[in-house]
Amino acid sequence: RVAGILAAASNGSGVVGMAPDASLYSLRVCDGSGCLSSRIAQAYQWARQNGMQVVSVSLANCGADPDSAVASQIAQAIGSGVIVVASAGNGTASQWSPGSPVSGTARLSGTNAVSALLQDYTTPAGYQYGPEVDLAAPTDVITITLGGGTTVFGGTWAATPHVAGAAALLLKQGFSSSQVT
């Protein structure tokens, strides 16, 4: 679903991603037992070392602050020009309260914290619109599924790839990472 929002090709499915010509890499850091910090840190390191320009992240480790190894890898990625677009949601205890803090990764310096907007594109979705939010994008959007159909997908998990796709488009047009963030 996220990949469809970010980069679905124009192929007659009725859905086109934000950056349909983008190359995608999926780095799975979570499994049935959770999201291990060691895997998260390795993913950011891999992204930096392999020339990724944009990282779209929406982790199920809820609002927990990243440990020092993860925070260090994120800072190194950002320092090398990687644009980190992070979901502001994912389970902080006070996510439903106005002014509540965003999730741990999105709170880090240099990341782009993304909240969600309802279908009128002006009303916050009611979660994660605290002071750290940098941008907001649509929620409850139609995207493609692995089986070839479509589905409605929502939350900051859906909003984040919109912003990451927009960043990829700006980079393709010649903007630098410092101009995009």
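Calculation criteria
- Residues numbered from 1 in each chain as written.
- Predicted model: local features only at pLDDT ≥ 70, side-chain atom pairs only at ≥ 80, totals over all residues.
- Heavy atoms only, no water.
- Core = buried A, V, L, I, M, F, W, Y, C linked by side-chain atoms within 4.5 Å.
- Buried < 20%, exposed > 50% of the residue type's maximum accessible area, 1.4 Å probe, protein only.
- Helix = DSSP H or I, 4+ residues; strand = E, 2+ residues; numbered from the N terminus.
- Axes fitted to C-alpha atoms, helices over the stretch in contact; angles between N-to-C directions.
- Parallel < 35°, antiparallel > 145°, perpendicular 65-115°, else oblique.
- Left-handed = near helix turned anticlockwise from the far one by under 90°.
- Contact = heavy atoms within 4.5 Å.
- Nonpolar A, V, L, I, M, F, W, Y, C, P; charged D, E, K, R; others polar.
- Polar contact = N/O pair within 3.5 Å; in protein donor to acceptor, adjacent residues only side chain to side chain.
- pLDDT = per-residue confidence, 0-100.
- Disulfide = S-S within 2.5 Å.
- Pairing = 2+ DSSP bridges.

Asks: Explain the nonpolar core to me, and be specific about the residues and the numbers.
Replies: Judged by nonpolar contacts, the single largest core of 22 residues is most densely connected at Val-29, Ile-40, Tyr-44, Val-55, Val-57, Leu-59 and Val-70. Elements represented by at least two residues in this core include exactly α2 (37-49), β3 (54-57), α3 (68-79) and β4 (83-87). Examining the composition of this core, we find that 5 residues originate from one element, α2, more than from any other. Core analysis: the next-biggest nonpolar cluster, separate from the first, contains 13 residues, Ala-7, Ile-83, Val-114 and Ala-164 among them.

Asks: Residues and numbers for the packing of α2 against α3, please.
Replies: Following both chains from N to C, one finds α2 and α3 inclined at 15 degrees, their axes separated by 8 Å at the closest point. Of the possible angle classes, the one that applies to α2 and α3 is roughly parallel. In the crossing of α2 with α3, the sense of the turn from one axis to the other is left-handed. Seen from α2, the contacting residues are Ser-37, Ile-40, Ala-41, Tyr-44, Gln-45 and Arg-48; seen from α3, they are Ala-69, Val-70, Gln-73, Ile-74, Gln-76 and Ala-77. Tallied by class, the residues present in the contact of α2 with α3 amount to 7 nonpolar, 4 polar and 1 charged.

Asks: Tell me about the environment of Ser-72, residues and numbers included.
Replies: Along the chain, the position of Ser-72 falls in helix α3. Residue classification places Ser-72 among the partly exposed positions, given a relative accessible area of 32%. Taking C-alpha positions, Ser-72 is 9.5 Å from Gln-45, a pair spaced 27 residues apart along the chain.

Asks: Got a sec to walk through the side chain of Ser-87? Specific residues and values, please.
Replies: With respect to the element layout, Ser-87 can be found in strand β4. The class of Ser-87 is buried, set by a relative accessible area of 2%. Side chain to side chain, Ser-87 and Thr-156 meet in a polar contact 2.5 Å long. When near neighbours in sequence (up to four residues on either side) are disregarded, Ser-87 contacts Val-57, Ser-58, Ser-103, Ala-106, Val-114, Thr-156, Trp-157 and Thr-160.

Asks: Report on the confidence of the model for the chain, specifying residues and quantitative values.
Replies: Atom-level detail of predicted coordinates should not be read off regions where pLDDT is low. Across the chain, the average pLDDT comes to 84, with 89% of residues at 70 or higher. Considering each helix and strand of the chain separately, the mean pLDDT is smallest for strand β2 (residues 34-35), with a value of 79, and largest for α3, with 96.

Asks: Describe the state of the cysteines, naming the residues involved and giving the relevant values.
Replies: Inspection of every chain in the model, using the stated rule, returns 1 disulfide. The partner cysteine of Cys-30 in its disulfide is Cys-35, sulfur to sulfur 2.0 Å. Between Cys-30 and Cys-35, the S-S dihedral sits near 105 degrees, and the bridge is therefore right-handed. There is no split in this pair, since Cys-30 and Cys-35 are both buried.

Asks: Explain the sheet that holds β4 to me, and be specific about the residues and the numbers.
Replies: Strands sit in the order β3-β4-β5-β6 across an open sheet of 4 strands; the sheet is parallel. Each of the sheet's edge strands pairs with one partner strand only, and the pair in question is β3 and β6 (135-138). If you compare each strand with its neighbour and ignore which way they point, the axes differ by 30 degrees on average. For β3 and β4, the ladder comprises 4 bridges, and the chain directions are parallel. Along β4, the bridge assignment pairs Val-55 with Val-84. Lying on the sheet, helix α5 (residues 156-172) is in contact with β3, β4, β5 (112-117) and β6; it crosses β4 at an angle near 165 degrees.

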